[in-house]
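A structural walkthrough
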Amino acid sequence: EADIYQTPRYLVIGTGKKITLECSQTMGHDKMYWYQQDPGMELHLIHYSYGVNSTEKGDLSSESTVSRIRTEHFPLTLESARPSHTSQYLCASSEDRGPQETQYFGPGTRLLVL
Amino acid sequence: GNSVTQMEGPVTLSEEAFLTINCTYTATGYPSLFWYVQYPGEGLQLLLKATKADDKGSNKGFEATYRKETTSFHLEKGSVQVSDSAVYFCALINQAGTALIFGKGTTLSVSS
């Protein structure tokens, strides 16, 4: 069973606020990912990391930023939240096994910006 | 480039009906193929996977066979239950292992 955690699970916040979505995994995985899931359920990769001090932007442009100071922790920050950021954010991690790897997902954070 | 196409939902079935959710892919080389499931209010869980041609992945009564000749990975279950109601995602990972590419998801609703 995967051990990957996200907090908060739900967040309602006003426009202009700074928010940080937390993601932690206890599996020692080097690779971590953030996906944005729109109301139509489609998943878009917005950030990923291959390890400590490594961060890359994904396929979907996002105003959020990420950091990877510790292997187990991959927080996502929005400096100034807007209603267009309303979405579900899913964090995932995997071992670096190339085409054999499996990504394990956290429960998600559902964000509503008013 | 790599892409995944899966049948649009919602799929609505009665309990004990047979399920097929179609998935086809476009990829260079020989990607690994996955089915993930997302239950209401939860994150994605790996349902099954196949890493090479003709492999069959199976779990919880679900099956999918990696068909290289038709570039397909259709999900099947012989007898669905109400508890199978969820969104199902087909996905592939490229040979370099740098990206997991998802289909748009298919919502399954099973009624008793």
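Residues numbered from 1 in each chain as written. Chains lettered and ligands numbered in written order. Predicted model: local features only at pLDDT ≥ 70, side-chain atom pairs only at ≥ 80, totals over all residues. Heavy atoms only, no water.

1. Notes on the nonpolar core
Residue and element names in this part refer to chain B. What counts here: Put simply, buried Ala, Val, Leu, Ile, Met, Phe, Trp, Tyr and Cys residues joined by side-chain atoms within 4.5 Å make one nonpolar core. Only protein chains enter the accessibility calculation, which uses a 1.4 Å probe; a residue whose area is less than 20% of its type maximum is buried, one above 50% is exposed, and one in between is partly exposed. Going along the chain from the N terminus, every DSSP run of H or I of four or more residues is numbered as a helix, and every run of E of two or more is numbered as a strand. It only takes one pair of heavy atoms within 4.5 Å for two residues to be counted as in contact.
Membership of the largest hydrophobic core comes to 27 residues, with the highest contact counts inside it found for Leu19, Trp35, Leu47, Leu48, Phe73, Leu75 and Tyr88. Looking at this core, the elements that each hand over two or more residues are strand E2 (11-14), strand E3 (19-21), strand E4 (23-26), strand E5 (32-38), strand E6 (44-50), strand E8 (62-65), strand E10 (86-93) and strand E12 (106-111). Here this core takes four residues from E10, the largest share from any one element. Discounting residues that sit within four places of it in the chain, Leu19 has contacts with Val11, Leu13, Phe62, Leu75, Glu76, Lys77, Val80 and Leu108.

2. Overview of the sheet that holds E3 of chain B
Residue and element names in this part refer to chain B. Here is the rule: Only strands joined by at least two bridges in the DSSP assignment are considered to pair. Each axis is a line fitted through C-alpha atoms, and for a helix only the stretch in contact is used; angles between axes span 0 to 180 degrees, taken between their N-to-C directions.
Taking strand neighbours across the sheet as the criterion, the four strands line up as E3-E9-E8-E7 in an open arrangement whose pairing is antiparallel. Of all strands in the sheet, those bounded by a partner on one side alone are E3 and strand E7 (56-59). On average, adjacent strands in this sheet sit at an angle of 15° to one another, irrespective of strand direction.

3. Some points on the pairing of strand E9 (residues 87-94) of chain A
All names here are of chain A. In terms of residue burial, E9 counts as a mostly covered element, since eight of its eight residues are buried. Of the two faces of E9, the one holding Ser87, Tyr89, Cys91 and Ser93 and the one holding Gln88, Leu90, Ala92 and Ser94 are both buried throughout. Of the strand pairs in this sheet, strand E4 (residues 31-37) and E9 are connected by seven bridges, and their pairing is antiparallel. Along E9, the bridge assignment pairs Gln37 with Gln88. Where E9 lies against strand E11 (residues 109-113), three bridges are found, and the strand directions are antiparallel. Counted as the bridge partner of Tyr89 is Thr109 from E11.

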